[in-house]
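An overview of the molecular structure
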Amino acid sequence: MARLSFSPVSASRTSSRWNQRTSAISSSSIEISVVAASAGNHGAGIAYAADTLRGTGTVFVPEHVTAEQKDFISSYGVQVITHGEDCLKTEIAARRHAG
């Protein structure tokens, strides 16, 4: 089983290039909204990016994801929706939601 990290996504991996790009986008009038399906850190990364860019987001997670992981993802201000008993069903729901 893979260990999930609950440290801030930005930890020591945020580069100056990321900072340059996000500051340019977040200061613009672009409206950002993301939808993702994830059972772990990918959802946290998407949530972090949406928060950094002052956007909105929805992350779909399968039923087996722990409450702790859901809380971690939602701590970035995105909506977390639990759907499906496996990752495929979760992804299908996320794709439908995204339109």
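See the structure printed just above.
Residues numbered from 1 in each chain as written. Predicted model: local features only at pLDDT ≥ 70, side-chain atom pairs only at ≥ 80, totals over all residues. Heavy atoms only, no water.

Remember that side chains alternate between the two faces of the sheet whenever the strand is regular. Judged from the 4 bridges that link them, strand β2 (residues 56-61) and strand β3 (residues 79-82) form a sheet pairing that is parallel. Looking across to β3, one finds that Phe60 is bridged to Ile81. (Pairing = 2+ DSSP bridges. Helix = DSSP H or I, 4+ residues; strand = E, 2+ residues; numbered from the N terminus.)

For side chains of opposite charge, pairing can occur when their charged atoms come near one another. Evaluation of the coordinates by the stated rule reveals 2 salt bridges. A salt bridge links Lys89 to Glu85, with the shortest nitrogen-to-oxygen separation between them at 2.4 Å. Exposure remark for Lys89: the relative accessible area of 40% places this residue in the partly exposed category. The partner of Glu91 in a salt bridge is Arg95, with the nearest N and O atoms 2.9 Å apart. Taken as a pair, Glu91 and Arg95 lie in helix α4 (residues 87-98) at a separation of 4 residues, close to a single helical turn. (Salt bridge = Lys/Arg side-chain N within 4 Å of Asp/Glu carboxyl O. Buried < 20%, exposed > 50% of the residue type's maximum accessible area, 1.4 Å probe, protein only.)

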